[in-house]
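# Architecture and fold: a report
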Amino acid sequence: MADYEDFVRAHLPRLLRYATMLTGEREQAADLVQDVLVKVYRRWSRVSDAEHPDRYVLRMVTNDYLSWRSSRSARLVAVGDPPEAARPDDFASEHAAREDMWQRLARLPRRQRAVVVLRYYEQLADADIADLLGCAQATVRAHARKALTTLRNGLRLDRMAQAKES
């Protein structure tokens, strides 16, 4: 099992970062990765025989995330109102923008969110994403298009609301 331990040591940071991007919370990401690594341990002979064991495990993380019960899904709680106005170089405004994007990502359907994270965070090609998700490349592109449209529309609606208030 030294082989398994070496694999975990080498790939754990990437798996945790990836799961954090999917779930939006470090604690949930750690739970997700831990659940997957237990499964990997039980099936290590099959996983290690795969052509790309790291991709195999990444797919397991993705599939477990997509099949999580809603009670374990990421829940974001707003902790107050954002400031009325902030300077563009203000750290708080950067943090608020990042938090806003986390909330927008959290509202995406799971498959769309997985596609966005795999494409823009993991920088995988559509063919690789399709292989990981077990779908066609056209489906990956459709999920990406819908997700980006949703994210853009949310930003546009926020800007329109701000314009009406001023």
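Structure: above.
Summarised in this report is the structure supplied together with it. Here the structure is a predicted model, which is why all the values come from computation and not from measurement.

Reading guide: rules and limits
Residues numbered from 1 in each chain as written. Predicted model: local features only at pLDDT ≥ 70, side-chain atom pairs only at ≥ 80, totals over all residues. Heavy atoms only, no water. 1 Å grid on protein atoms, 1.4 Å probe; cavity = no way out; pocket = protein on both sides within 12 Å on 5 of 7 lines; lining within 4 Å. Points joined across faces, edges and corners; volume = space filled by probe spheres on them. Helix = DSSP H or I, 4+ residues; strand = E, 2+ residues; numbered from the N terminus. Nonpolar A, V, L, I, M, F, W, Y, C, P; charged D, E, K, R; others polar. Salt bridge = Lys/Arg side-chain N within 4 Å of Asp/Glu carboxyl O. Buried < 20%, exposed > 50% of the residue type's maximum accessible area, 1.4 Å probe, protein only. Axes fitted to C-alpha atoms, helices over the stretch in contact; angles between N-to-C directions. Parallel < 35°, antiparallel > 145°, perpendicular 65-115°, else oblique. Left-handed = near helix turned anticlockwise from the far one by under 90°. Contact = heavy atoms within 4.5 Å. Phe/Tyr/Trp six-rings, centres within 6.5 Å; stacked < 30°, edge-to-face > 60°. Core = buried A, V, L, I, M, F, W, Y, C linked by side-chain atoms within 4.5 Å. Expected span 1.5 Å × (residues − 1).

Moving on, we come to the layout of surface pockets. If you add up the space inside the second largest pocket, you get close to 260 Å³. Arg55, Tyr56, Arg59, Asp131 and Leu132 are, among the 14 residues lining the second largest pocket, the residues nearest its centre. Residue assignment for the lining of the second largest pocket shows that the elements contributing at least two residues are helix H4 (53-67) and helix H7 (126-133). Of all the elements, H4 adds the most residues to the lining of the second largest pocket, at six residues. Of the residues belonging to the lining of the second largest pocket, the class tally is four nonpolar, two polar and eight charged.

Right, let's get into the pattern of salt bridges. Tallied over the full model, the rule gives five salt bridges. A salt bridge links lysine 39 to aspartate 64, with the shortest nitrogen-to-oxygen separation between them at 2.9 Å. Residue lysine 39 is found in helix H2 (residues 26-42), and its partner aspartate 64 is found in helix H4; the two are separated by 25 residues along the sequence. Overall, the relative accessible area of 27% leaves lysine 39 in the partly exposed class. Measuring nitrogen to oxygen at the nearest pair gives 2.9 Å for the salt bridge that ties aspartate 126 to arginine 119. Per residue, the accessibility class of aspartate 126 equals that of arginine 119, and both read buried.

Orientation of helix H6 (residues 110-121) relative to H7, taken along the N-to-C sense of each, is 135°, at an axis distance of 10 Å. By the angle between their directions, the pair H6 and H7 is classed as oblique. Crossing hand, H6 versus H7: right-handed. Facing Arg111, Ala114, Val115, Leu118 and Arg119 of H6, the residues of H7 in contact are Asp126, Ile129, Leu132 and Leu133.

Before going further, it helps to examine the packing of aromatic side chains. Inspection of every chain in the model, using the stated rule, returns three aromatic pairs. Between tyrosine 4 and tyrosine 41, the ring centres sit 5.2 Å apart and the planes meet at 70°, which makes this aromatic pair edge-to-face. Separated by 37 residues along the polypeptide, tyrosine 4 in helix H1 (residues 2-23) and tyrosine 41 in helix H2 bring together distant segments of the chain. Taking the relative accessible area as the measure of exposure, tyrosine 4 reaches 11% and is therefore buried.

Among soluble globular proteins, nonpolar side chains are generally buried collectively. Membership of the largest hydrophobic core comes to 33 residues, with the highest contact counts inside it found for Val40, Val61 and Leu118. Mapped by element, the contributors of at least two residues to this core are H1, H2, helix H3 (44-49), H4, H6, H7 and helix H8 (137-165). Ranked by the residues each element gives to this core, the list is headed by H1, at eight residues. When residues no more than four places from it in sequence are discounted, the contact partners of valine 61 are Leu15, Tyr18, Ala19, Leu22, Leu32 and Val36. Among the nonpolar cores identified, the runner-up in size contains six residues, and Leu108, Val116, Ala147 and Leu151 belong to it.

Here we take up H4. Here H4 is 15 residues long and its end C-alpha atoms lie 21 Å apart, about the 21 Å a rise of 1.5 Å per residue gives. Every buried residue belonging to H4 is among Val57, Leu58, Met60, Val61, Thr62, Asp64 and Tyr65, and all of these are buried. On the buried face of H4, the contacting elements are H1, H2, H3, H6 and H7.

Mapped onto the fold, leucine 37 is located in helix H2. The buried category is assigned to leucine 37, whose relative accessible area is 11%. Considered as a pair, leucine 37 and valine 57 are 20 residues apart in the sequence and their alpha carbons are 8.2 Å apart. Among residues more than four places away in sequence, those in contact with leucine 37 are Tyr4, Val8, Leu12 and Leu15.

By themselves, these figures tell us nothing about what the structure is for.
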